Amino acid sequence: MQEKILILDFGSQTTQLIGRRIRDLNTYCEIVPYNKLPENIEGVRGVILSGSPYSVYDPKAFRITLNELRGRFPLLGICYGAQSLVYQAGGKVEPSETREYGSSQLNLLAPEDPLLKGLSPRSTVWMSHGDTITELPQGFTTIASTDQVTHAAYRIEGELTWGVQFHPEAFHSAEGVRLLENFINIVGIAGNWSPDAFIERSVVELREQLGNDKVLLALSGGVDSSVVAVLLHRAIGNNLTCIFVDHGLLRKGEAEQVLEDYRHLGLNVIGVDAHEQFYTALEGVADPEQKRKIIGKGFIDVFEAEASKLQGIKWLGQGTIYPDIIESINITGMVIKSHHNVGGLPERMKLKLVEPIRTLFKDEVRRVGKALGMQAHLLERHPFPGPGLGIRILGAVTPEKVRILQEADHIYMSEMRKQGLYNSVWQAGAILLPVKSVGVMGDERTYEYTIALRAVNSVDAMSADWIRLPYEFLAKVSNEIINKVRGVNRVVYDISSKPPSTIEWE
Ligand code: XMP
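Keep in mind the model is a prediction, meaning the values are calculated, not measured.

Caption draft 1: Geometry of the environment of Gly-191. Structurally, the position occupied by Gly-191 is in the loop between helix H3 (176–187) and helix H4 (195–210). In this structure, the C-alpha to C-alpha distance between Gly-191 and Asn-26, residues 165 residues apart in sequence, is 4.8 Å. Beyond its immediate chain neighbours, meaning those up to four positions away, Gly-191 contacts Leu-25, Asn-26 and Thr-27.

Right under this line is the structure:
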(Lines give C-alpha, C1' and ligand atoms only; values in the text may rest on other atoms or scores of the structure.)
Protein backbone atom coordinates (compact mmCIF):
# COMPACT_ATOMS: atom_id res chain seq x y z
CA MET A 1 0.00 0.00 0.00
CA GLN A 2 1.33 3.40 -1.00
CA GLU A 3 1.66 5.79 1.94
CA LYS A 4 0.87 9.32 0.96
CA ILE A 5 0.08 12.90 1.81
CA LEU A 6 -3.33 13.89 0.50
CA ILE A 7 -3.77 17.44 -0.78
CA LEU A 8 -7.37 18.63 -0.67
CA ASP A 9 -7.91 21.12 -3.48
CA PHE A 10 -10.16 24.05 -2.60
CA GLY A 11 -9.54 25.65 -5.98
CA SER A 12 -6.34 27.61 -5.53
CA GLN A 13 -4.19 28.21 -8.58
CA THR A 14 -1.17 26.95 -6.66
CA THR A 15 -2.56 23.58 -5.53
CA GLN A 16 -0.63 21.77 -8.25
CA LEU A 17 2.53 23.49 -7.05
CA ILE A 18 2.06 22.04 -3.55
CA GLY A 19 1.98 18.59 -5.12
CA ARG A 20 5.00 19.39 -7.25
CA ARG A 21 7.09 20.54 -4.29
CA ILE A 22 6.27 17.46 -2.24
CA ARG A 23 7.10 15.13 -5.10
CA ASP A 24 10.34 17.07 -5.60
CA LEU A 25 11.13 16.05 -2.04
CA ASN A 26 10.75 12.42 -3.19
CA THR A 27 7.61 11.99 -1.17
CA TYR A 28 4.40 10.59 -2.55
CA CYS A 29 1.28 12.75 -2.55
CA GLU A 30 -2.00 12.98 -4.42
CA ILE A 31 -4.25 15.92 -5.14
CA VAL A 32 -8.01 15.35 -4.84
CA PRO A 33 -10.98 17.74 -5.04
CA TYR A 34 -11.83 19.00 -1.54
CA ASN A 35 -15.07 17.02 -1.46
CA LYS A 36 -13.68 13.80 -2.89
CA LEU A 37 -11.91 12.32 0.07
CA PRO A 38 -11.28 8.76 -1.07
CA GLU A 39 -13.28 6.09 0.73
CA ASN A 40 -10.20 4.04 1.21
CA ILE A 41 -7.88 6.27 3.17
CA GLU A 42 -5.70 3.45 4.36
CA GLY A 43 -2.47 4.88 2.95
CA VAL A 44 -3.14 8.50 3.91
CA ARG A 45 -0.59 9.67 6.50
CA GLY A 46 -1.06 13.43 6.34
CA VAL A 47 -3.39 16.01 4.80
CA ILE A 48 -2.82 19.48 3.34
CA LEU A 49 -5.69 21.91 2.81
CA SER A 50 -5.04 24.20 -0.14
CA GLY A 51 -5.92 27.84 -0.70
CA SER A 52 -9.08 28.93 -2.48
CA PRO A 53 -10.47 31.80 -4.52
CA TYR A 54 -13.31 32.13 -1.94
CA SER A 55 -13.65 33.72 1.49
CA VAL A 56 -14.56 31.36 4.30
CA TYR A 57 -17.88 33.19 4.86
CA ASP A 58 -18.81 33.35 1.19
CA PRO A 59 -22.03 31.33 0.71
CA LYS A 60 -20.45 29.75 -2.35
CA ALA A 61 -17.27 28.77 -0.51
CA PHE A 62 -16.12 25.16 -0.77
CA ARG A 63 -16.70 23.66 2.65
CA ILE A 64 -16.13 20.36 4.37
CA THR A 65 -16.27 19.59 8.05
CA LEU A 66 -12.68 19.83 9.12
CA ASN A 67 -13.38 18.35 12.54
CA GLU A 68 -13.51 15.02 10.77
CA LEU A 69 -9.89 15.41 9.78
CA ARG A 70 -8.46 17.10 12.86
CA GLY A 71 -6.58 14.74 15.12
CA ARG A 72 -6.70 11.85 12.64
CA PHE A 73 -3.68 12.91 10.60
CA PRO A 74 -1.03 15.58 10.74
CA LEU A 75 -2.80 18.47 9.06
CA LEU A 76 -1.50 21.62 7.38
CA GLY A 77 -3.87 24.38 6.26
CA ILE A 78 -2.51 26.84 3.71
CA CYS A 79 -4.13 30.29 3.35
CA TYR A 80 -7.86 29.50 2.94
CA GLY A 81 -7.13 26.12 4.53
CA ALA A 82 -5.68 27.86 7.59
CA GLN A 83 -8.58 30.33 7.72
CA SER A 84 -11.15 27.54 7.46
CA LEU A 85 -9.66 25.74 10.45
CA VAL A 86 -9.88 28.95 12.47
CA TYR A 87 -13.37 29.87 11.26
CA GLN A 88 -14.84 26.42 11.92
CA ALA A 89 -13.36 26.35 15.43
CA GLY A 90 -15.02 29.66 16.31
CA GLY A 91 -12.21 32.11 15.61
CA LYS A 92 -12.46 35.28 13.56
CA VAL A 93 -11.55 35.78 9.93
CA GLU A 94 -12.20 39.22 8.47
CA PRO A 95 -11.69 40.99 5.18
CA SER A 96 -8.47 42.99 5.32
CA GLU A 97 -8.60 46.59 4.20
CA THR A 98 -6.41 45.86 1.25
CA ARG A 99 -5.70 42.57 -0.33
CA GLU A 100 -2.21 41.53 0.72
CA TYR A 101 -0.24 40.36 -2.26
CA GLY A 102 3.55 40.07 -2.26
CA SER A 103 6.54 39.29 -0.09
CA SER A 104 6.64 39.63 3.69
CA GLN A 105 9.14 38.70 6.38
CA LEU A 106 8.33 36.15 9.06
CA ASN A 107 8.96 36.83 12.72
CA LEU A 108 9.43 33.42 14.28
CA LEU A 109 7.70 33.36 17.68
CA ALA A 110 8.37 29.64 18.20
CA PRO A 111 11.51 28.88 16.20
CA GLU A 112 11.72 25.38 17.70
CA ASP A 113 8.26 24.40 16.52
CA PRO A 114 8.64 21.31 14.30
CA LEU A 115 7.00 23.11 11.36
CA LEU A 116 9.35 26.10 11.54
CA LYS A 117 12.55 24.30 12.45
CA GLY A 118 15.56 25.55 10.51
CA LEU A 119 13.86 28.65 9.08
CA SER A 120 15.89 31.85 9.20
CA PRO A 121 14.69 34.84 11.19
CA ARG A 122 12.86 37.24 8.84
CA SER A 123 12.49 34.51 6.25
CA THR A 124 10.71 35.81 3.14
CA VAL A 125 7.25 34.39 2.52
CA TRP A 126 4.70 34.97 -0.23
CA MET A 127 1.30 36.36 0.76
CA SER A 128 -1.79 36.40 -1.41
CA HIS A 129 -4.99 36.86 0.55
CA GLY A 130 -7.96 39.20 0.90
CA ASP A 131 -9.06 37.99 4.35
CA THR A 132 -7.03 37.81 7.48
CA ILE A 133 -7.27 35.86 10.73
CA THR A 134 -8.02 38.41 13.47
CA GLU A 135 -8.74 36.14 16.41
CA LEU A 136 -7.61 32.59 17.10
CA PRO A 137 -9.94 30.13 18.85
CA GLN A 138 -9.06 28.57 22.18
CA GLY A 139 -6.18 26.13 21.92
CA PHE A 140 -4.63 27.78 18.87
CA THR A 141 -1.21 29.39 19.34
CA THR A 142 0.48 31.86 17.04
CA ILE A 143 3.94 30.64 16.10
CA ALA A 144 4.89 33.29 13.52
CA SER A 145 3.77 36.73 12.45
CA THR A 146 4.73 39.31 9.86
CA ASP A 147 4.72 43.07 10.18
CA GLN A 148 1.20 43.16 8.69
CA VAL A 149 -0.25 39.81 9.74
CA THR A 150 -0.47 38.89 13.42
CA HIS A 151 -1.32 35.22 12.94
CA ALA A 152 0.86 34.29 9.97
CA ALA A 153 1.30 30.74 11.31
CA TYR A 154 -0.32 28.88 14.17
CA ARG A 155 -0.45 25.49 15.75
CA ILE A 156 -3.34 23.77 17.51
CA GLU A 157 -2.15 22.54 20.85
CA GLY A 158 -2.35 18.81 21.54
CA GLU A 159 -2.75 18.05 17.83
CA LEU A 160 -0.44 17.79 14.85
CA THR A 161 -2.39 20.58 13.14
CA TRP A 162 -0.89 23.77 11.73
CA GLY A 163 -2.07 26.67 9.63
CA VAL A 164 -0.06 29.17 7.59
CA GLN A 165 -1.47 32.32 6.05
CA PHE A 166 1.32 32.50 3.44
CA HIS A 167 2.02 30.16 0.52
CA PRO A 168 5.06 27.96 1.24
CA GLU A 169 4.63 26.33 -2.19
CA ALA A 170 5.14 29.64 -4.02
CA PHE A 171 8.52 30.20 -5.58
CA HIS A 172 8.87 33.55 -3.76
CA SER A 173 8.65 31.91 -0.33
CA ALA A 174 12.42 31.60 0.11
CA GLU A 175 12.31 28.74 2.62
CA GLY A 176 8.87 27.39 1.77
CA VAL A 177 10.30 24.08 0.63
CA ARG A 178 11.99 23.75 4.01
CA LEU A 179 8.66 24.24 5.74
CA LEU A 180 6.99 21.61 3.54
CA GLU A 181 9.89 19.29 4.24
CA ASN A 182 9.34 19.85 7.95
CA PHE A 183 5.70 18.89 7.50
CA ILE A 184 6.72 15.74 5.60
CA ASN A 185 9.03 14.85 8.47
CA ILE A 186 6.18 15.32 10.92
CA VAL A 187 4.05 13.01 8.77
CA GLY A 188 6.96 10.58 8.77
CA ILE A 189 7.08 9.43 5.16
CA ALA A 190 10.04 11.47 3.92
CA GLY A 191 11.67 10.03 0.82
CA ASN A 192 9.10 7.27 0.28
CA TRP A 193 8.92 7.98 -3.46
CA SER A 194 11.77 6.89 -5.68
CA PRO A 195 11.80 5.63 -9.27
CA ASP A 196 12.97 2.20 -8.13
CA ALA A 197 10.26 1.91 -5.49
CA PHE A 198 7.69 3.06 -8.06
CA ILE A 199 8.82 0.44 -10.57
CA GLU A 200 8.83 -2.34 -8.02
CA ARG A 201 5.33 -1.51 -6.80
CA SER A 202 3.95 -0.97 -10.32
CA VAL A 203 5.23 -4.31 -11.54
CA VAL A 204 3.50 -6.10 -8.67
CA GLU A 205 0.27 -4.14 -9.18
CA LEU A 206 0.26 -4.60 -12.97
CA ARG A 207 0.73 -8.34 -12.60
CA GLU A 208 -2.19 -8.43 -10.18
CA GLN A 209 -4.36 -6.25 -12.42
CA LEU A 210 -3.58 -7.97 -15.71
CA GLY A 211 -2.94 -11.58 -14.75
CA ASN A 212 -2.29 -13.44 -17.98
CA ASP A 213 -4.29 -10.98 -20.13
CA LYS A 214 -2.90 -9.53 -23.34
CA VAL A 215 -2.29 -5.79 -23.68
CA LEU A 216 -1.99 -3.62 -26.77
CA LEU A 217 -0.14 -0.31 -26.82
CA ALA A 218 0.23 2.40 -29.44
CA LEU A 219 3.82 3.61 -29.41
CA SER A 220 4.49 7.10 -30.69
CA GLY A 221 8.21 7.46 -30.13
CA GLY A 222 7.48 9.98 -27.36
CA VAL A 223 8.66 9.68 -23.78
CA ASP A 224 5.38 8.72 -22.12
CA SER A 225 4.29 5.85 -24.33
CA SER A 226 7.85 4.52 -24.42
CA VAL A 227 8.13 4.40 -20.63
CA VAL A 228 4.70 2.75 -20.40
CA ALA A 229 5.86 0.13 -22.88
CA VAL A 230 9.01 -0.74 -20.96
CA LEU A 231 7.20 -0.79 -17.64
CA LEU A 232 4.44 -3.05 -18.98
CA HIS A 233 7.02 -5.26 -20.63
CA ARG A 234 8.81 -5.66 -17.33
CA ALA A 235 5.53 -6.68 -15.70
CA ILE A 236 3.95 -8.95 -18.31
CA GLY A 237 6.66 -9.65 -20.90
CA ASN A 238 5.40 -10.75 -24.27
CA ASN A 239 1.77 -10.45 -23.30
CA LEU A 240 2.38 -6.86 -24.39
CA THR A 241 2.19 -6.10 -28.10
CA CYS A 242 3.08 -2.63 -29.33
CA ILE A 243 2.06 -1.03 -32.60
CA PHE A 244 4.10 1.78 -34.09
CA VAL A 245 2.45 3.56 -37.01
CA ASP A 246 4.75 5.50 -39.32
CA HIS A 247 2.53 8.07 -41.01
CA GLY A 248 5.42 9.40 -43.06
CA LEU A 249 5.32 12.71 -41.18
CA LEU A 250 8.00 11.97 -38.63
CA ARG A 251 11.44 13.53 -38.54
CA LYS A 252 14.06 12.24 -40.93
CA GLY A 253 15.17 8.74 -39.97
CA GLU A 254 13.08 8.80 -36.83
CA ALA A 255 10.79 5.87 -37.63
CA GLU A 256 13.75 3.54 -38.22
CA GLN A 257 15.61 4.84 -35.17
CA VAL A 258 12.66 4.50 -32.85
CA LEU A 259 11.87 0.98 -34.02
CA GLU A 260 15.46 -0.03 -33.53
CA ASP A 261 15.46 1.48 -30.02
CA TYR A 262 12.27 -0.37 -29.10
CA ARG A 263 13.53 -3.69 -30.36
CA HIS A 264 16.79 -3.12 -28.52
CA LEU A 265 14.69 -2.76 -25.37
CA GLY A 266 13.26 -6.21 -26.03
CA LEU A 267 9.77 -4.99 -26.90
CA ASN A 268 7.46 -6.89 -29.17
CA VAL A 269 6.74 -4.14 -31.73
CA ILE A 270 4.79 -4.24 -34.95
CA GLY A 271 6.00 -1.39 -37.15
CA VAL A 272 3.58 -0.29 -39.86
CA ASP A 273 4.81 1.87 -42.71
CA ALA A 274 1.61 3.62 -43.79
CA HIS A 275 3.06 6.75 -45.35
CA GLU A 276 1.50 6.28 -48.77
CA GLN A 277 -1.95 5.91 -47.31
CA PHE A 278 -1.50 9.15 -45.34
CA TYR A 279 -0.03 11.13 -48.25
CA THR A 280 -2.94 10.07 -50.44
CA ALA A 281 -5.53 11.03 -47.82
CA LEU A 282 -3.86 14.43 -47.35
CA GLU A 283 -3.61 15.29 -51.02
CA GLY A 284 -4.80 18.84 -51.70
CA VAL A 285 -5.97 19.44 -48.10
CA ALA A 286 -4.77 22.82 -46.84
CA ASP A 287 -6.90 23.43 -43.74
CA PRO A 288 -4.99 22.63 -40.51
CA GLU A 289 -7.93 21.17 -38.59
CA GLN A 290 -8.92 19.08 -41.57
CA LYS A 291 -5.37 17.77 -41.80
CA ARG A 292 -5.40 16.92 -38.09
CA LYS A 293 -8.66 15.01 -38.50
CA ILE A 294 -7.39 13.06 -41.49
CA ILE A 295 -4.16 12.13 -39.72
CA GLY A 296 -6.00 11.19 -36.50
CA LYS A 297 -8.53 9.04 -38.33
CA GLY A 298 -5.83 7.48 -40.50
CA PHE A 299 -3.94 6.53 -37.38
CA ILE A 300 -6.96 4.84 -35.86
CA ASP A 301 -7.75 2.97 -39.09
CA VAL A 302 -4.23 1.59 -39.34
CA PHE A 303 -4.12 0.76 -35.66
CA GLU A 304 -7.46 -1.05 -35.73
CA ALA A 305 -6.54 -2.99 -38.86
CA GLU A 306 -3.34 -4.23 -37.21
CA ALA A 307 -5.06 -4.97 -33.92
CA SER A 308 -7.73 -7.04 -35.64
CA LYS A 309 -5.02 -9.46 -36.72
CA LEU A 310 -4.20 -10.16 -33.08
CA GLN A 311 -6.07 -12.59 -30.86
CA GLY A 312 -7.39 -12.24 -27.35
CA ILE A 313 -6.42 -8.63 -26.52
CA LYS A 314 -8.26 -7.37 -23.43
CA TRP A 315 -6.48 -4.15 -22.50
CA LEU A 316 -5.23 -0.99 -24.14
CA GLY A 317 -2.19 0.60 -22.52
CA GLN A 318 -2.02 4.38 -22.44
CA GLY A 319 0.60 6.97 -21.50
CA THR A 320 -1.68 9.25 -19.49
CA ILE A 321 0.34 11.29 -16.99
CA TYR A 322 -0.63 13.18 -13.83
CA PRO A 323 -1.08 16.67 -15.30
CA ASP A 324 -3.62 15.16 -17.76
CA ILE A 325 -5.61 13.88 -14.81
CA ILE A 326 -5.38 17.05 -12.75
CA GLU A 327 -6.49 19.07 -15.76
CA SER A 328 -9.40 16.71 -16.20
CA ILE A 329 -10.96 17.26 -12.82
CA ASN A 330 -12.11 20.44 -11.27
CA ILE A 331 -13.15 20.85 -7.70
CA THR A 332 -16.82 20.44 -8.35
CA GLY A 333 -15.86 17.03 -9.63
CA MET A 334 -16.87 17.78 -13.18
CA VAL A 335 -14.69 16.98 -16.13
CA ILE A 336 -13.48 20.22 -17.70
CA LYS A 337 -11.15 18.69 -20.24
CA SER A 338 -11.23 14.99 -20.75
CA HIS A 339 -7.72 13.72 -21.23
CA HIS A 340 -7.20 12.43 -24.70
CA ASN A 341 -7.33 8.74 -25.23
CA VAL A 342 -6.43 7.48 -28.64
CA GLY A 343 -9.50 8.66 -30.57
CA GLY A 344 -12.00 6.78 -28.42
CA LEU A 345 -10.28 3.49 -29.24
CA PRO A 346 -10.87 1.77 -25.89
CA GLU A 347 -14.65 2.12 -26.27
CA ARG A 348 -14.72 1.17 -29.94
CA MET A 349 -12.51 -1.85 -29.49
CA LYS A 350 -14.17 -2.76 -26.19
CA LEU A 351 -10.85 -2.74 -24.37
CA LYS A 352 -10.17 -1.90 -20.76
CA LEU A 353 -7.64 0.85 -20.12
CA VAL A 354 -4.41 0.39 -18.24
CA GLU A 355 -2.54 3.60 -17.43
CA PRO A 356 0.53 2.73 -15.35
CA ILE A 357 2.09 6.22 -15.20
CA ARG A 358 -1.07 8.18 -14.46
CA THR A 359 0.29 9.34 -11.10
CA LEU A 360 3.58 10.70 -12.44
CA PHE A 361 4.67 14.19 -13.42
CA LYS A 362 6.69 14.51 -16.62
CA ASP A 363 10.12 14.65 -15.01
CA GLU A 364 9.23 11.65 -12.88
CA VAL A 365 8.36 9.74 -16.05
CA ARG A 366 11.90 10.47 -17.25
CA ARG A 367 13.40 9.37 -13.93
CA VAL A 368 11.44 6.13 -14.06
CA GLY A 369 12.56 5.59 -17.66
CA LYS A 370 16.16 6.06 -16.62
CA ALA A 371 15.77 3.60 -13.75
CA LEU A 372 14.29 1.15 -16.28
CA GLY A 373 17.54 1.39 -18.22
CA MET A 374 16.20 3.37 -21.17
CA GLN A 375 18.60 5.38 -23.29
CA ALA A 376 18.87 9.12 -22.74
CA HIS A 377 17.98 10.01 -26.30
CA LEU A 378 14.60 8.29 -25.92
CA LEU A 379 13.89 10.04 -22.63
CA GLU A 380 15.09 13.53 -23.43
CA ARG A 381 13.25 13.85 -26.70
CA HIS A 382 11.46 17.17 -27.29
CA PRO A 383 7.67 17.06 -27.42
CA PHE A 384 6.49 16.37 -30.97
CA PRO A 385 2.89 16.79 -32.16
CA GLY A 386 0.90 13.68 -33.10
CA PRO A 387 0.19 14.97 -36.64
CA GLY A 388 3.94 15.53 -36.97
CA LEU A 389 5.31 17.44 -39.92
CA GLY A 390 1.78 17.47 -41.32
CA ILE A 391 1.12 20.64 -39.31
CA ARG A 392 4.59 22.06 -39.93
CA ILE A 393 4.07 22.12 -43.68
CA LEU A 394 1.70 25.05 -44.01
CA GLY A 395 -0.99 24.34 -46.55
CA ALA A 396 -1.26 21.14 -48.54
CA VAL A 397 1.22 18.33 -47.82
CA THR A 398 3.13 16.76 -50.70
CA PRO A 399 5.86 14.11 -50.60
CA GLU A 400 8.30 16.65 -52.00
CA LYS A 401 7.50 19.13 -49.23
CA VAL A 402 7.91 16.40 -46.63
CA ARG A 403 11.36 15.69 -48.06
CA ILE A 404 12.36 19.37 -47.96
CA LEU A 405 11.16 19.83 -44.40
CA GLN A 406 12.73 16.60 -43.16
CA GLU A 407 16.10 17.63 -44.59
CA ALA A 408 15.95 21.16 -43.16
CA ASP A 409 14.68 19.98 -39.78
CA HIS A 410 17.41 17.35 -39.66
CA ILE A 411 20.14 19.95 -40.18
CA TYR A 412 18.60 22.18 -37.49
CA MET A 413 18.19 19.44 -34.88
CA SER A 414 21.56 17.79 -35.57
CA GLU A 415 23.40 21.07 -35.21
CA MET A 416 21.48 21.79 -32.02
CA ARG A 417 22.66 18.47 -30.60
CA LYS A 418 26.19 18.97 -31.86
CA GLN A 419 26.45 22.37 -30.17
CA GLY A 420 25.04 21.04 -26.88
CA LEU A 421 21.89 23.16 -27.09
CA TYR A 422 19.29 20.38 -27.41
CA ASN A 423 18.72 19.75 -23.72
CA SER A 424 18.33 23.41 -22.83
CA VAL A 425 15.55 23.81 -25.39
CA TRP A 426 12.04 22.63 -24.51
CA GLN A 427 10.83 22.20 -28.07
CA ALA A 428 12.23 23.05 -31.48
CA GLY A 429 11.56 22.32 -35.10
CA ALA A 430 11.56 23.68 -38.63
CA ILE A 431 8.46 24.82 -40.49
CA LEU A 432 8.01 24.93 -44.24
CA LEU A 433 6.24 28.11 -45.31
CA PRO A 434 4.14 28.27 -48.47
CA VAL A 435 6.10 31.37 -49.45
CA LYS A 436 8.52 31.51 -52.33
CA SER A 437 10.94 34.34 -52.68
CA VAL A 438 13.73 35.42 -54.96
CA GLY A 439 17.31 34.51 -54.27
CA VAL A 440 20.56 34.25 -56.10
CA MET A 441 22.83 31.24 -56.26
CA GLY A 442 26.02 31.58 -58.27
CA ASP A 443 24.88 33.50 -61.31
CA GLU A 444 21.39 32.18 -61.20
CA ARG A 445 18.22 33.71 -59.95
CA THR A 446 16.26 31.30 -57.74
CA TYR A 447 12.63 31.32 -56.69
CA GLU A 448 12.20 28.90 -53.81
CA TYR A 449 10.63 28.11 -50.42
CA THR A 450 11.26 29.63 -47.01
CA ILE A 451 12.03 27.66 -43.87
CA ALA A 452 11.15 29.10 -40.45
CA LEU A 453 13.03 27.89 -37.38
CA ARG A 454 11.24 27.72 -34.04
CA ALA A 455 12.71 27.09 -30.57
CA VAL A 456 10.81 27.72 -27.34
CA ASN A 457 11.06 27.23 -23.63
CA SER A 458 7.99 26.28 -21.69
CA VAL A 459 6.88 24.33 -18.67
CA ASP A 460 3.53 22.97 -19.76
CA ALA A 461 3.02 24.24 -23.35
CA MET A 462 0.32 26.62 -22.06
CA SER A 463 2.72 29.52 -22.45
CA ALA A 464 6.09 29.62 -24.15
CA ASP A 465 8.92 32.05 -24.79
CA TRP A 466 11.08 32.04 -27.90
CA ILE A 467 14.68 31.22 -27.17
CA ARG A 468 17.51 33.65 -27.81
CA LEU A 469 19.62 31.13 -29.71
CA PRO A 470 23.18 32.26 -30.43
CA TYR A 471 23.55 34.15 -33.74
CA GLU A 472 26.50 31.99 -34.71
CA PHE A 473 24.40 28.87 -34.33
CA LEU A 474 21.55 30.36 -36.38
CA ALA A 475 24.02 31.50 -39.06
CA LYS A 476 25.47 28.00 -39.35
CA VAL A 477 22.06 26.34 -39.59
CA SER A 478 20.80 28.86 -42.13
CA ASN A 479 23.88 28.40 -44.32
CA GLU A 480 23.67 24.64 -44.23
CA ILE A 481 19.97 24.54 -45.03
CA ILE A 482 20.27 26.95 -47.95
CA ASN A 483 23.34 25.20 -49.34
CA LYS A 484 22.18 21.63 -48.86
CA VAL A 485 18.42 21.50 -49.13
CA ARG A 486 17.19 21.70 -52.67
CA GLY A 487 14.11 23.93 -52.89
CA VAL A 488 14.96 26.38 -50.09
CA ASN A 489 16.67 29.74 -50.52
CA ARG A 490 15.67 31.61 -47.36
CA VAL A 491 15.64 30.86 -43.60
CA VAL A 492 13.91 32.98 -40.94
CA TYR A 493 13.75 32.69 -37.14
CA ASP A 494 10.44 32.92 -35.29
CA ILE A 495 10.63 35.47 -32.44
CA SER A 496 7.03 35.19 -31.21
CA SER A 497 5.97 34.03 -27.78
CA LYS A 498 2.83 32.22 -26.68
CA PRO A 499 0.42 33.83 -26.08
CA PRO A 500 -0.50 35.50 -28.36
CA SER A 501 1.20 33.20 -30.87
CA THR A 502 1.14 29.43 -30.55
CA ILE A 503 4.09 27.05 -30.59
CA GLU A 504 3.04 25.36 -33.83
CA TRP A 505 2.20 27.46 -36.86
CA GLU A 506 -0.92 25.46 -37.64
P1 XMP B 1 0.42 25.05 -29.62
O2 XMP B 1 0.72 25.15 -31.08
O3 XMP B 1 -1.05 24.85 -29.33
O4 XMP B 1 1.13 23.71 -29.12
O5 XMP B 1 1.01 26.18 -28.84
C6 XMP B 1 1.25 23.33 -27.77
C7 XMP B 1 1.91 21.97 -27.71
O8 XMP B 1 1.05 20.99 -28.26
C9 XMP B 1 1.64 20.35 -29.38
N10 XMP B 1 0.59 20.18 -30.38
C11 XMP B 1 -0.01 19.01 -30.65
N12 XMP B 1 0.20 17.78 -30.15
N13 XMP B 1 -1.50 16.93 -31.57
C14 XMP B 1 -0.53 16.73 -30.63
O15 XMP B 1 -0.34 15.59 -30.20
C16 XMP B 1 -1.76 18.14 -32.12
O17 XMP B 1 -2.64 18.29 -32.98
C18 XMP B 1 -0.97 19.23 -31.63
N19 XMP B 1 -0.96 20.57 -31.91
C20 XMP B 1 0.01 21.12 -31.13
C21 XMP B 1 2.75 21.28 -29.83
O22 XMP B 1 3.79 20.58 -30.50
C23 XMP B 1 3.21 21.88 -28.51
O24 XMP B 1 4.09 21.02 -27.82
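Caption draft 2: Molecular detail of the site of the ligand. Inspection of the region around the ligand gives Arg-292, Pro-385, Gly-386, Pro-387, Ile-391, Trp-426, Gln-427, Ala-461, Lys-498, Thr-502, Ile-503 and Glu-504 as its neighbouring residues. Lys-498 places a polar side-chain atom, nitrogen or oxygen, 2.7 Å from an oxygen atom of the ligand. In the environment of the ligand, an oxygen atom lies 2.8 Å from a nitrogen or oxygen atom belonging to the backbone of Ile-503. The fraction of the free accessible surface of the ligand (490 Å²) that becomes covered by protein chains is 69%. Along the lines of polarity and charge, the residues of the shell around the ligand split into six nonpolar, three polar and three charged.

Caption draft 3: Broad picture of the packing of aromatic side chains. The tally for this structure, following the rule as stated, stands at 13 aromatic pairs. Pairing Tyr-101 with Trp-126 gives two aromatic rings, centres 5.3 Å apart and planes at 75 degrees, and the pair type is edge-to-face. Taken together, the positions of Tyr-101 in strand S5 (residues 92–105) and Trp-126 in strand S7 (residues 124–135) put the pair 25 residues apart, joining distant regions of the chain. Judged by centre distance (6.1 Å) and plane angle (35 degrees), the ring pair of Trp-193 and Phe-198 falls under tilted. With respect to burial, Trp-193 and Phe-198 carry one shared label: buried. The positively charged end of Arg-20 is found above the aromatic ring belonging to Phe-361, 4.4 Å away from the centroid. In this arrangement the basic side chain of Arg-417 is found over the ring face of Tyr-422, its NZ or CZ atom lying 4.1 Å from the centre.

Conventions adopted
- Residues numbered from 1 in each chain as written.
- Predicted model: local features only at pLDDT ≥ 70, side-chain atom pairs only at ≥ 80, totals over all residues.
- Heavy atoms only, no water.
- Helix = DSSP H or I, 4+ residues; strand = E, 2+ residues; numbered from the N terminus.
- Contact = heavy atoms within 4.5 Å.
- Near = heavy atom within 4 Å.
- Polar contact = N/O pair within 3.5 Å; in protein donor to acceptor, adjacent residues only side chain to side chain.
- Areas by Shrake-Rupley, 256 points an atom, 1.4 Å probe, with all protein chains shown as cover.
- Nonpolar A, V, L, I, M, F, W, Y, C, P; charged D, E, K, R; others polar.
- Phe/Tyr/Trp six-rings, centres within 6.5 Å; stacked < 30°, edge-to-face > 60°.
- Buried < 20%, exposed > 50% of the residue type's maximum accessible area, 1.4 Å probe, protein only.
- Lys NZ or Arg CZ within 6 Å of the ring centre and 35° of its normal.

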